[in-house]
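Listed below are the residues making up each chain.
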Amino acid sequence: MENIRVQKLHKEYTRWNWQAGKNEPFTEDMTLFTLSTPGSTYALAALESGHLAHVYYGKRTDDEDLSYLLRLGENPYTIKVNSRDTGTFMDTTPFEYPTFGTGDYRESAFALTDENGAAATSLVYRGYEIIEGKPALVQELEDCKVTLPSVKGCPRCASTLVITMEEVRTGAQVVLYYTAFRELDVITRSAVVKNTGDTAFKVTRAMSTAVDLDSDKYDFITLNGSWARERILERSPLHHGKQSIDSMKGESSHQSNPFAALVSHKADEESGEAYGFNLVYSGNFFAQAEVTQHKRTRFVMGMAPFDFSWTVAPGASFTVPEAVMVYSSEGIGKMSRTFHDLYRQHLIRGEYKDKARPVLINNWEATYFNFDTEKLVSIAESASKAGIEMLVMDDGWFGHRNSDDSSLGDWYVNEEKIKGGLKDLVDRVNALGMKFGIWFEPEMISPDSDLYRAHPDWAIQVKGLPLTQSRQQYVLDYSRKEIRDNIWAQMKKILDSANIEYIKWDMNRQITECGSAALPADRRQELWHRYVLGVYDLQERLVSEYPHILLENCSGGGARFDPGMLYFSPQIWTSDDTDAIERLKIQAGTSVCYPASAMGAHVSDCPNHTVGRSTPFSTRGNVAMVGTFGYELDITRISEEDRAQIPGQIAEFKKYNPIVREGDHYRLANIFEDNTFDAWMFVTKDKQKAVFTAVQVLGRPNYHSRLVKLAGLDEKKRYRSSLTNEVHSGAALMNCGVIVDLSGDFKSMVIEFEEVK
Ligand code: GLA
């Protein structure tokens, strides 16, 4: 199926010349590009003037020629016959990759400065190419090449429109990539800036996407939070001016996720328009919706432009991270499911992509730093009897680390704790029939470490400023290959010393005093991005050299839950808050963009260590099953009653996990609006099976049971309920609902529906 159409058009217009007092004909030659996905259309046009204008993005619209939307006959939009008003043209025309300083006063997507220091930037269209499939994004550095995370698209799945623009002042080539997917309503964008001249220039701003929509009637949805309450959904109507989110922390952050959506005011889970944007990047970012003077909306998303610049030497190039754009005319729910499908099919890689993940037990909340071989083995013994499949040894096994005050960077086993060595411990765990996983925090260095004593300049720092500690640690300068090589060599030694089948890669602080002992002053602003590239380089080494290891990313809980990390790890620790009730919001917010198959979720002990709440063991299980399931408690010390529930919980998890992992996710209640009740379901793609969960957060006095309408089933199919054993049509379950009878706080239920033929 051809999903990118190119038309060379010769258009005839008339415009009203108010000075002459008459209509005047004029013509415009343009190239119109129309990208189609099953349910969306994206159109852009290269005008005769060389400007690349945005024509349309929205519901799939098949038409001969959508260029009429440019309204070129309207004064003052007509640059060809009205150069007197070029400024107005610049500030009102919808553009694809708007630049700074030449009359477009809306937020710009791209700017560079040349050797003379000028910042005004102008791009003109030079040509296009269509590629079947989707090229990888690569950044060449002085001493290595780094592949940036991006969505994969084989020639069967996607085609890419490549548009070459030229920067007028410097001759720089700016190549814009647009990939349209054939089976999903997804368009991805990125860019490469090439220096084909003989003097260097600095890119000072290079967004991944910019979209001009013709209306301001949208709500802005973002996922914001803090440590232990990540990705809480916020929704507010756009208003005149700018609404933005960003991170300047060196990681995507707890506080804001690199996701934003523009949705029609009435959009809900099932209906209305939704445009979702997600940056495939794990560092500083910026996303902004701006209502312009003409009540239109410009949305931009990309790497944060503040304290960023990148010098592109002659012959070199700079690669802009990718943005994913999803359009849905069937509400926010469909937008989420499109993201889920895209990430499960085209972003997540490796052996565990489509595979069940082992049920794990992690010792962090069980022991914190206070453990040794015998303690871990005792946990493993009890866990293996309960059917748990993997023991993860968390923080505290290396250097002389007994609290968070030392040893990051010294990745050798502390044999005072791990008596007999790592291999002995892993062998003993393996002998119980369990896999073994281990925690690393490879990007960090403790002031109290052999590594820091030997290389104080390896910490990110600014000469003359005291170095800010956070969790008593500093961040390693991952822009330097020798530092990455050192950490990698240490990690490899550990990985080769025992049968390690899982790694939790943590990152527990943000960057301050962003400076490098190795970068020249005029490249200092590159450090934020070079750091992220360094992390990607090391994670790529890990997944390619150890493809059997299951990688779980983590950052003080969920501070780096982004598509950049998902490219390397099929799962990410969602939050340090494991309380089942807090997790309702955290997991619902995360699911707006990310699939349940990627959400690390554990059953922990009560009272919960973060909020002090006690919830039934069954509810903790039912909530953790909407993710990669595991336990994070001292199984040897919990009550016999709780322990006895684990085998049944694991059996349920295994039964439902294929539906959760691969099925379609429907949010049936809105925990952000009504925090007393939540419900969701997952439906297999063939609509033969579904699993429904409801959680009554607070008991309701003097109410009857409630009806919850299901979604995503086939109206005509008949389904048997595992709760009542009754059979009802999909139509009844969706139009009338299922009865949910939960009284009392924190009660929950799970019902399976299976087609009866
Ligand atoms: C972070 C993680 C936790 C745990 C600790 C260990 O906070 O999110 O799960 O691994 O670090 O220090």
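Residues numbered from 1 in each chain as written. Predicted model: local features only at pLDDT ≥ 70, side-chain atom pairs only at ≥ 80, totals over all residues. Heavy atoms only, no water.

The subject of this paragraph is the pairing of strand β16 (residues 256–264). With nine of nine residues buried, β16 is to be regarded as a mostly interior element. Residues Ser256, Pro258, Ala260, Leu262 and Ser264 of β16 are buried on one face, and the alternating residues Asn257, Phe259, Ala261 and Val263, pointing to the opposite face, are buried as well. Relative to β16, strand β13 (residues 218–226) runs antiparallel, the two sharing six bridges. Each bridged residue has a counterpart across the sheet, and for Phe220 the counterpart in β16 is Leu262. (Buried < 20%, exposed > 50% of the residue type's maximum accessible area, 1.4 Å probe, protein only. Helix = DSSP H or I, 4+ residues; strand = E, 2+ residues; numbered from the N terminus. Pairing = 2+ DSSP bridges.)

Another aspect to go through is the sheet that holds strand β14 (residues 229–237). Hydrogen bonds along the backbone pair up the strands of a sheet, which may run parallel or antiparallel. One open sheet holds the nine strands; their spatial order is β6-β9-β10-β11-β21-β17-β16-β13-β14, and the pairing between them is antiparallel. The two strands at the open ends of the sheet, each matched to only one other strand, are β6 (123–132) and β14. Pairwise comparison of adjacent strand axes, ignoring direction, gives a mean angle of 20° for this sheet. The sheet contact formed by strand β9 (residues 158–167) and strand β10 (residues 173–181) spans nine bridges and is antiparallel. Counted as the bridge partner of Met165 is Val174 from β10. Contacts from helix α2 (residues 331–347) reach β10, β11 (186–194), β13, β14, β16, β17 (274–280) and β21 (317–328), with the element oriented near 30° to β17. (Axes fitted to C-alpha atoms, helices over the stretch in contact; angles between N-to-C directions. Contact = heavy atoms within 4.5 Å.)

Time to look at the site of the ligand. Not every one of the 13 residues close to the ligand is listed here, only the nearest: Asp394, Asp395, Lys504, Gly557 and Asp576. Within the side chain of Asp395, an N or O atom sits 2.6 Å from an oxygen atom of the ligand. A distance of 3.1 Å separates an oxygen atom of the ligand from a polar atom in the side chain of Asn508. Relative to its unbound accessible area of 300 Å², the ligand is 97% covered by the protein chains. (Near = heavy atom within 4 Å. Polar contact = N/O pair within 3.5 Å; in protein donor to acceptor, adjacent residues only side chain to side chain. Areas by Shrake-Rupley, 256 points an atom, 1.4 Å probe, with all protein chains shown as cover.)

A word on the packing of helix α7 (residues 481–497) against helix α8 (residues 527–545). Two numbers describe how α7 lies on α8: the axes approach to 11 Å, and their chain directions differ by 30°. In terms of orientation, α7 and α8 fall into the roughly parallel class. α7 and α8 meet at a crossing whose hand is right-handed. When α7 is examined against α8, the residues Lys481, Arg484, Asp485, Ile487, Trp488, Lys492 and Leu495 are found in contact with a partner set consisting of Gly534, Asp537, Leu538, Arg541, Leu542 and Glu545. Looking at the contact of α7 with α8, its residues break down into five nonpolar, one polar and seven charged. (Parallel < 35°, antiparallel > 145°, perpendicular 65-115°, else oblique. Left-handed = near helix turned anticlockwise from the far one by under 90°. Nonpolar A, V, L, I, M, F, W, Y, C, P; charged D, E, K, R; others polar.)

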